[in-house]
Amino acid sequence: MVALTNLLLTSLLASAGLAAALPPRIGNTVIEAQEPEPTLSGRKITLAQQKNPRFHKFNGALSVYKTYLKYGAAVPDHLAQAVANHLGISVAEVLNYANTTANARRGEGSATAAPIDSSDSAYITPVSIGTPAQTLNLDFDTGSSDLWVFSNSLPSSQRAGHVVYNPGKSSSARRLNGASWDISYGDGSTSRGNVYLDKVTIGGLVVSNQAVETAQQVSQSFTSETAIDGLVGLAFGSLNTVKPTRQKTWFENALSQLDEPLFAADLKYEASGTYDFGFIDPAKHTGDITYVPVNPYPGYWTWTSPGYQVGSSPFVSQSITNIADTGTTLMYVPDSILQAYYEHIPGATNSRSYGGYVFPCSAEVPDFTFGVTDEASITIPGRFINFGSVDDGSETCFGGLQSSSDVGINIFGDVALKAAYVVFKGGDSPSLGWASKQL
């Protein structure tokens, strides 16, 4: 019965966007490749987003639960109860799933990657692999460093509904002998298999001999999300899981071809956005871009904000070291910041029943500003922080700012990222650039 209930929970989480590894999620969108303008000459590419037809209604408890699993944090009883209530299963089944997947991660010693919540944004990008080209819909993920795909090595039951990569049909594919990969994602799902070197083309930019990790086993959570045929990791290569030798990411391999060693995310609120590779589009931001240094250890885009401001209240100086994570829907900050923020919303409370901070849907939600430096800041409009009713017909809404205390790390997810034009600059001295934009 344990195996059956675990499978049931995995399937339910997948349908809720929790066990699917999708990339930046803003406005429930899908990224589709757009041919670069002639002036870009292959060294600059833009990937445009479109609406995701496979929309799943957001649920706050599920989103918070996903983040706990993603970062290996123990799931508190009240959160397990909130998830159980929503899914219609027992608390024991929820906790058993969390404990089983957490123990599996430790036993396998595998890396954790950031899944994307499909309820808030599910991005997929057509990527061409091999000769002749085999086109798969992959997601872009700044929280992981593997390019893995569904392959013909999978059992037919796991391939259903997916486009698969067949290295045997590519004249440019070469098996990387002795190499394998094994990823356990934070939502408890896993994928593993062999490694090939092949040509990978994104938006007209070609990387030859890119490590393509072909799946021989994919968890139920991935097979349930038929829109996703794999993943393109955009974190630092130190997180890559290929053994015995880590492989570079597609972005790292493409750096020498790009006009500039960077990519920029212009995520949107309930609208289409873009990713730009190799250039900064001045039309997509207002004012200057302010850069801050990134600590690439152990492999995430980690930086420190100098403080915050709630509405028109005075700015509070407080160092907030965090991960800029396109793979997390919400924003997770220290409890002191949460208390300072939600005390400005009448009726707001930290609800154990709903798994996080909630407030009356009719309440006016204040803006939240975070510092980039002492001179520059980004303001998140209050409407970005209202994630809608906790249940159909409910007059209680879930907040986009939640506690990082149990998660163990502050996370600036899409709540923060879609309020800015964000530049991920690679090279020897990586940095993040933040600029305001028209919202």
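### Things to note about the pairing of strand β4 (residues 134-141)
No. 1: With respect to burial, β4 is a largely interior element, six of its eight residues being buried.
No. 2: Inspection of the sheet shows strand β3 (residues 125-129) paired to β4 by five bridges, in the antiparallel sense. Counted as the bridge partner of T125 is L138 from β4.
No. 3: Hairpin connection between β3 and β4: a loop of four residues separates the two successive antiparallel strands, and G130 in this loop has a positive phi of roughly 90°.

### Comments concerning the environment of F251
No. 1: Mapped onto the secondary structure, F251 falls in helix α7 (residues 250-254).
No. 2: If sequence neighbours within four positions are ignored, F251 has contacts with L234, L258, P261, L262, F263, F277, F424 and G426.

### Details of helix α3 (residues 77-87)
No. 1: Of all the positions in α3, only L79, A80, A82, V83, A84 and L87 are classed as buried.
No. 2: In the stretch just after α3, G88 is the one whose phi turns positive, near 75°.

### Some thoughts on the sheet that holds strand β22 (residues 401-403)
Within a sheet, neighbouring strands are paired by backbone hydrogen bonds and run either parallel or antiparallel to one another.
No. 1: Spatial strand order, β19-β18-β13-β14-β23-β15-β22: seven strands in an open sheet with mixed pairing. Each edge of the open sheet is held by one strand with a lone partner, namely β19 (377-380) and β22. Strand-to-strand, the axes of this sheet are offset by a mean angle of 45°, without reference to chain direction.
No. 2: Two elements, strand β14 (residues 316-324) and strand β23 (residues 410-412), share three bridges in a ladder whose sense is parallel. Counterpart to N322 in the pairing with β23 is N410.

### Quick look at the side chain of Q247
No. 1: Checked against the element boundaries, Q247 lands in the loop between β9 (230-233) and α7.
No. 2: Of note is the side chain of Q247, whose polar atom sits 3.1 Å from the backbone oxygen of T245.
No. 3: In contact with Q247, other than residues within four places in its own chain, are L176, L197, A211, G237, N240 and V242.

### Focus on the packing of aromatic side chains
No. 1: Across all of its chains, the model carries 21 aromatic pairs by this definition.
No. 2: An angle of 35° between the planes, with centres 5.8 Å apart, marks the rings of W148 and F150 as tilted. For the pair W148 and F150, one class covers both residues: buried.
No. 3: Ring geometry for Y341 and F368: centres 5.9 Å apart, planes at 75°, overall edge-to-face. Linking Y341 in helix α8 (residues 335-342) with F368 in strand β18 (residues 368-371), this pair joins segments that are 27 residues apart in sequence.
No. 4: Cluster of aromatic residues (ring-pair linked, three or more members): F236, W250, F251, F263, F277, W301 and F424.
No. 5: Here the basic side chain of K418 rests over the ring of F384, its NZ or CZ set 5.4 Å away from the ring centre.

### Re the sheet that holds strand β16 (residues 349-351)
No. 1: Reading across the sheet, the four strands line up as β16-β17-β21-β20 and stay open at both edges, with antiparallel pairing between neighbours. Two strands close off the open sheet at either side, each with one partner strand: β16 and β20 (386-389). Direction aside, neighbouring strands of the sheet carry axes that sit 40° apart on average.
No. 2: Strand direction decides the pairing type here: β16 and strand β17 (residues 356-360), joined by three bridges, are antiparallel. When the bridges of β17 are listed, T349 appears paired with V358.

### Some thoughts on the state of the cysteines
No. 1: Under the counting rule described, the total for this entry stands at one disulfide.
No. 2: Between the sulfur atoms of C361 and its disulfide mate C397 the distance is 2.1 Å. The S-S bond linking C361 to C397 shows a torsion near 105°; that makes this disulfide right-handed. In this pair, C361 sits in the loop between β17 and β18 while C397 sits in strand β21 (residues 396-399), placing the two residues 36 residues apart along the sequence.

### Digging into the nonpolar core
No. 1: Of all hydrophobic cores here, the largest spans 91 residues; its most connected members are W250, F277, F368, F370 and W434.
No. 2: Sort the elements by how many residues they give to this core and helix α2 (residues 60-70) lands first, with six residues.
No. 3: Once residues lying within four places of it in the same chain are set aside, the contact partners of W250 are I45, L147, V200, I202, L205, V207, Q210, V232 and F277.
No. 4: Counting residues in hydrophobic clusters, the runner-up holds 14 residues, among them L154, I183, V195 and L197.

### Focus: the pattern of salt bridges
No. 1: Following the criterion strictly, the structure yields six salt bridges and no others.
No. 2: Here D266 and K268 are joined by a salt bridge, their closest N and O atoms 3.5 Å apart.
No. 3: As a salt-bridge pair, D276 and K284 come within 2.9 Å of each other at their nearest N and O atoms.
No. 4: Judged by relative accessible area, D276 falls into the buried class, the value being 0%.
No. 5: Since its relative accessible area comes to 17%, K284 is described here as buried.

### Focus on the environment of L262
No. 1: In this fold, L262 is placed in strand β10 (residues 262-266).
No. 2: Sequence spacing of L262 and E252 is 10 residues, and the spatial spacing of their C-alpha atoms is 9.7 Å.

How each quantity is defined
- Residues numbered from 1 in each chain as written.
- Predicted model: local features only at pLDDT ≥ 70, side-chain atom pairs only at ≥ 80, totals over all residues.
- Heavy atoms only, no water.
- Buried < 20%, exposed > 50% of the residue type's maximum accessible area, 1.4 Å probe, protein only.
- Helix = DSSP H or I, 4+ residues; strand = E, 2+ residues; numbered from the N terminus.
- Pairing = 2+ DSSP bridges.
- Contact = heavy atoms within 4.5 Å.
- Axes fitted to C-alpha atoms, helices over the stretch in contact; angles between N-to-C directions.
- Polar contact = N/O pair within 3.5 Å; in protein donor to acceptor, adjacent residues only side chain to side chain.
- Phe/Tyr/Trp six-rings, centres within 6.5 Å; stacked < 30°, edge-to-face > 60°.
- Lys NZ or Arg CZ within 6 Å of the ring centre and 35° of its normal.
- Disulfide = S-S within 2.5 Å.
- Core = buried A, V, L, I, M, F, W, Y, C linked by side-chain atoms within 4.5 Å.
- Salt bridge = Lys/Arg side-chain N within 4 Å of Asp/Glu carboxyl O.

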